[in-house]
Number of protein chains: 2
Amino acid sequence: VIIYGRNPVKEALRGRRAATVEDVWATAGAAREAWLTNPFGVGARVEGLPDVAGLRVASAREIENRCGSPDHQGVCARIGSYPYAPPDELLAREGVIIALDQVQDPQNLGSICRTAECAGAAGLVIPERRAAEVTPAACKASAGAVEHLRVARVRNLADFLAEARAAGFWCYGASALGDPEGRTPVSYDAPTYDGGVVLVLGSEGRGLRPRVAAACDELVALPLRGHVRSLGVGAAAGALLYEILQRREAALDKAP
Amino acid sequence: VIIYGRNPVKEALRGRRAATVEDVWATAGAAREAWLTNPFGVGARVEGLPDVAGLRVASAREIENRCGSPDHQGVCARIGSYPYAPPDELLAREGVIIALDQVQDPQNLGSICRTAECAGAAGLVIPERRAAEVTPAACKASAGAVEHLRVARVRNLADFLAEARAAGFWCYGASALGDPEGRTPVSYDAPTYDGGVVLVLGSEGRGLRPRVAAACDELVALPLRGHVRSLGVGAAAGALLYEILQRREAALDKAP
């Protein structure tokens, strides 16, 4: 695949699929910049990586034709397809996992991946069908975060939540409205969020599907103090993930 | 102007420029829905508003031609230009104000307006130049929140911050990196955020301009626990505004 944009290419040269970078094209201006000509710092060299100093200079139009987007910022790269992680790998240690229920917009997927990576999440899970995948557009929206974050695809999200619970994780479903079985969400700042945590976020507009909500241990809601009845999924991810990070780090500070 | 999309039109019929709605076009399907044929509930009627029951049915293609976007969801409306609020009005009471320093993307502006409205902010301030305005695309991205939130435009953001400080507001600049004068940001969960608060968020990629950072009382930073060195401005707004809301409401609960 062809990824594009400064941060996506920069992080790809350091990330989980760095060894699969085949070619890099950059405009004359971008090709002079240090992060591209010497991405690993003075004298550094990483085994198995192409010699990025030998990158090819191309016009902005050639780059746009190669990547199919005007948002390339003067650089694109040919790289192996996205290396999805096995779902089991995410459950191997007690971290924070984000599960997205049918988020369809690659921009939303990418920006949530960026937030998850910044907040130190262990990984992110998406369903195989009817959901945005880690396309080059999602890579761009993530500012390259997908090159470091583990993203896994699962056939059935409710089944994955059951496996996570069996592995000792606690599953929190973000839901302003409660689920169809009439469970009431608690305020998002009530749980302690310790141990293994899965945070489940619903699709734009429709929220969690009933089976997915039912597979959660607890529903959490952000307060709404205005007229609009729901937050965007990207903003909700920011508010919830930083609350979870804050709680977990405060608990670590208190631990003996 | 022509606004488009279900939530934008729905909120426009109840919001600050409701009296300026002139025409509504909807597809046959959308025109049958209760929120559009009787937007104020059974028997209700609002003085000065057009009779929305007399809306015009149009094809999806006609609606797309009128609004110039495929994202219309079957409905668009002709409405007065966006009623920016006078900046003084935002400073009249001790609320939370968001100030955006040169955010250029209407999608980001819209989604931050949505978060601000949901978190109960008193208003949002944008510079007159080199910044996204409240266009119909921003209205759509805000899910109609701009119809309720007060948005003000100022000639100079640093001057506005000085006025806000003179009026007793405390200005917090969101900055992961500190400002050029070498001030170090405190962690975002350190301040109490009581009284009048202005939260200043920088542009995508470049952060706060030096003059704007210098006009802040204090810089605050969200922790970054991954490889990517900055959050998206929409996710940062979500994390910071909900932290501020949580602190303020906790203080109210404790007050005698």
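The structure displayed is predicted, hence computed values, not measured ones.

**Q** Before we go on, may I ask you to explain the side chain of aspartate 23 of chain B in this structure?
**A** Residue and element names in this part refer to chain B. By the secondary structure assignment, aspartate 23 is in strand E2 (residues 23-26). Only 2.6 Å separates the side chain of aspartate 23 from the side chain of arginine 56, close enough to count as a polar contact. Excluding anything up to four places from it in sequence, aspartate 23 contacts Arg56, Cys76, Ala77 and Arg78.

**Q** Just to check I follow, could you spell out the sheet that holds strand E5 (residues 96-100) of chain B for this structure?
**A** Strands in a sheet are paired, the pairing made by backbone hydrogen bonds, and the direction either parallel or antiparallel. Pairing is parallel in the open sheet, where seven strands are placed in the order E7-E6-E5-E10-E8-E11-E9 (chain B). Both edges of this open sheet fall to strand E7 (151-154) and strand E9 (186-187) of chain B, since each of them pairs with a single strand only.

**Q** Help me out: how do you make sense of the interface of chain A and chain B in this one?
**A** Quoted interface sizes are often the accessible area lost when the parts come together. At the interface, 32 residues of chain A touch 31 residues of chain B. Along the contact surface separating chain A from chain B lie two salt bridges. Two residues, arginine 225 of chain A and glutamate 249 of chain B, come together in a salt bridge whose shortest N-O distance is 2.6 Å. Joining chain A to chain B, the criterion identifies 20 residue pairs in polar contact (both at pLDDT 80 or more). It is helix H10 (residues 233-254) of chain A that contributes the most residues to the side of chain A that touches chain B, nine residues altogether. Classifying every residue of the side of chain A that touches chain B gives 14 nonpolar, 11 polar and seven charged.

**Q** I would appreciate a short explanation of the pairing of E7 of chain B in the present structure.
**A** Across a regular strand the side chains alternate sides, sitting on one face of the sheet and then on the other. Residue and element names in this part refer to chain B. The sheet contact formed by strand E6 (residues 123-127) and E7 spans four bridges and is parallel. Counterpart to isoleucine 126 in the pairing with E7 is arginine 153. Note on the crossover from E6 through helix H7 (residues 136-141) to E7: the handedness is right-handed.

**Q** What should I look at first to understand the sheet that holds strand E9 (residues 186-187) of chain A in this one?
**A** All names here are of chain A. Sheet architecture is open: seven strands sit in the order E7-E6-E5-E10-E8-E11-E9, paired in parallel fashion. A strand with exactly one partner marks an edge of an open sheet, and here the two such strands are strand E7 (151-154) and E9. H10 contacts strand E5 (96-100), strand E8 (170-174), strand E10 (197-201) and strand E11 (218-221) of the sheet and is inclined by roughly 165° relative to E10.

**Q** Help me understand the relation of the copies chain A and chain B, please; the structure alone is not making it clear to me.
**A** Superposing the two chain copies requires a rotation about an axis and a translation along that axis. For the match of chain A to chain B, the screw axis carries a shift of 0.0 Å, the RMSD comes to 0.0 Å, and the turn is 180°. Here the copies are linked by what is in effect a two-fold axis. Looking at the rotation axis and the C-alpha trace of chain A, the residue lying nearest is alanine 239 of chain A, at 1.9 Å. Most of the interface of chain A is mirrored in chain B, where 97% of its interface residues again form contacts.

**Q** So what exactly am I meant to see when it comes to the environment of valine 57 of chain B here?
**A** Residues and elements named next belong to chain B. Structurally, valine 57 can be placed in strand E3 (residues 56-57). By relative accessible area, which is 56% here, valine 57 ends up exposed. Linking valine 57 and glycine 29, residues 28 residues apart in sequence, is a C-alpha distance of 9.0 Å. If sequence neighbours within four positions are ignored, valine 57 has contacts with Ala26, Thr27, Ala28 and Ala31.

**Q** How do you make sense of the environment of leucine 100 of chain A when you look at a structure like this?
**A** Residue and element names in this part refer to chain A. Residue placement: leucine 100 occurs in strand E5. Of the residues examined, leucine 100 reaches a relative accessible area of 1% and is grouped as buried. Residues leucine 100 and serine 230, 130 residues apart in the sequence, show an inter-C-alpha distance of 17 Å. Those residues within four positions of leucine 100 in sequence are excluded, and the remaining contacts are Leu109, Ile112, Leu124, Val125, Ile126, Pro127, Leu157 and Leu201.

**Q** Honestly, the pattern of salt bridges in this entry has me stumped. Any pointers?
**A** Under the criterion given, the structure shown has 24 salt bridges over all chains. Between arginine 17 of chain B and glutamate 147 of chain B there is a salt bridge, and its shortest N-O distance comes to 2.8 Å. With arginine 17 of chain B in the loop between helix H1 (6-12) and E2 and glutamate 147 of chain B in the loop between H7 and E7, the pair connects residues that are 130 residues apart, well separated along the chain. The salt bridge partner of arginine 153 of chain B is glutamate 133 of chain B, with a shortest N-O separation of 3.4 Å. Residue arginine 153 of chain B is found in strand E7, and its partner glutamate 133 of chain B is found in the loop between E6 and H7; the two are separated by 20 residues along the sequence. Classification of arginine 153 of chain B as partly exposed rests on a relative accessible area of 28%. Here the salt bridges share partners, and the residues they tie into one network are Glu22, Asp23, Arg56 and Arg78 of chain A.

**Q** Got a minute to help me understand the state of the cysteines in this structure?
**A** Covalently bonding the sulfur atom of one cysteine to the sulfur atom of another cysteine gives a disulfide. Applying the stated rule across the entire model yields zero disulfides over all chains. Not part of a disulfide, cysteine 76 of chain A finds its nearest cysteine sulfur in cysteine 67 of chain A, a span of 5.3 Å. Cysteine 76 of chain A sits in the buried class, given a relative accessible area of 0%. Among the cysteines around cysteine 118 of chain B, which has no disulfide bond, cysteine 113 of chain B carries the closest sulfur, lying 11 Å off.

Quick notes on the rules
- Residues numbered from 1 in each chain as written.
- Chains lettered and ligands numbered in written order.
- Predicted model: local features only at pLDDT ≥ 70, side-chain atom pairs only at ≥ 80, totals over all residues.
- Heavy atoms only, no water.
- Helix = DSSP H or I, 4+ residues; strand = E, 2+ residues; numbered from the N terminus.
- Polar contact = N/O pair within 3.5 Å; in protein donor to acceptor, adjacent residues only side chain to side chain.
- Contact = heavy atoms within 4.5 Å.
- Pairing = 2+ DSSP bridges.
- Salt bridge = Lys/Arg side-chain N within 4 Å of Asp/Glu carboxyl O.
- Nonpolar A, V, L, I, M, F, W, Y, C, P; charged D, E, K, R; others polar.
- Right-handed = clockwise from strand over helix to strand, strands pointing away.
- Axes fitted to C-alpha atoms, helices over the stretch in contact; angles between N-to-C directions.
- Least-squares fit on C-alpha atoms with pLDDT ≥ 70 in both.
- Buried < 20%, exposed > 50% of the residue type's maximum accessible area, 1.4 Å probe, protein only.
- Disulfide = S-S within 2.5 Å.

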